[in-house]
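# Commentary on secondary and tertiary structure
The lines below spell out each chain.
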Amino acid sequence: MTIQIALLRGVNVGGHQAVAMSELRNLATEFGFGGARSILQSGNLIFRCDARTGVDLENLLEREAEKRLGFHADFFIRSAKEWREVVARNPFRKDAERDPSHLVVMFLKSAVNTKNVKVLQAAIAGSEIVRADGRHLYIVYPNGIGRSRLTNALIEKKLGIRGTARNWNTVLKLAALADEETD
């Protein structure tokens, strides 16, 4: 069985789309996925699965979460191997060491178009820095995320792709959890 990491977009944020992580773990268990675990309350789930992967698994979980749990959220699935690549390919290593809470990885539904990344970079009004790598954006928010004008809505509009973001601390926690599962 392959370790899969699922990220949900927009759950338990500002009181919207409230869902207990135990419900997500139970949903995964009902499908026969092994060892379902979650971290934080923002929709981070790790489990073992060999029946489905990638987009197939995303579609299944999106459909079933809506049907069984009564909410719609995008799911972003990455295998443990893909997750390790996200960590290894980080173009902002110094920022990750110095201030990991201001480094974000945005996980996207599909690979970005280079032209759209340039459009996004041109739209940045502040000191944020964006680098794209396949289905991932690495973003440094030197002055913090809260007041930045580089919002998820702006990013998605410029790229034409839906995504969900996690700060570097969360990325590393999920990597460690995936590594524990492979031991």
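Notes on the structure in this doc start here. (Residues numbered from 1 in each chain as written. Predicted model: local features only at pLDDT ≥ 70, side-chain atom pairs only at ≥ 80, totals over all residues. Heavy atoms only, no water.)

## Some points on the sheet that holds strand 7 (residues 136–140)
If you walk across this open sheet you meet the four strands as 6-7-5-8, and the pairing is antiparallel. In this open sheet, the two strands that pair with only one neighbour each are strand 6 (129–133) and strand 8 (163–167). Each adjacent strand pair in this sheet contributes to an overall mean axis angle of 20°, direction not counted. Looking at chain direction, strand 5 (residues 103–108) and strand 7 are connected through five bridges and run antiparallel. From the neighbouring strand, Leu 103 faces strand 7, where its bridge partner is Val 140. (Pairing = 2+ DSSP bridges. Helix = DSSP H or I, 4+ residues; strand = E, 2+ residues; numbered from the N terminus. Axes fitted to C-alpha atoms, helices over the stretch in contact; angles between N-to-C directions.)

## Considerations on the environment of Tyr 141
Checked against the element boundaries, Tyr 141 lands in the loop between strand 7 and helix 6 (152–159). For the pair formed by Tyr 141 and Asp 99, sequence separation is 42 residues and the distance between their alpha carbons is 9.7 Å.

## Looking at the pairing of strand 5
Of all six residues in strand 5, six are buried, a share of seventy percent or more. Every second residue of strand 5 is oriented toward a common face, with Leu 103, Val 105 and Phe 107 on one face and Val 104, Met 106 and Leu 108 on the other, all of them buried. (Buried < 20%, exposed > 50% of the residue type's maximum accessible area, 1.4 Å probe, protein only.)

## Considerations on the pairing of strand 7
Burial analysis of strand 7 places five of its five residues in the buried class, the great majority of the element. Side-chain alternation along strand 7 places His 136, Tyr 138 and Val 140 on one buried face and Leu 137 and Ile 139 on a second face that is also buried. In this structure, strand 6 lies alongside strand 7, joined through five bridges in antiparallel fashion. Each bridged residue has a counterpart across the sheet, and for Ala 132 the counterpart in strand 7 is Leu 137.

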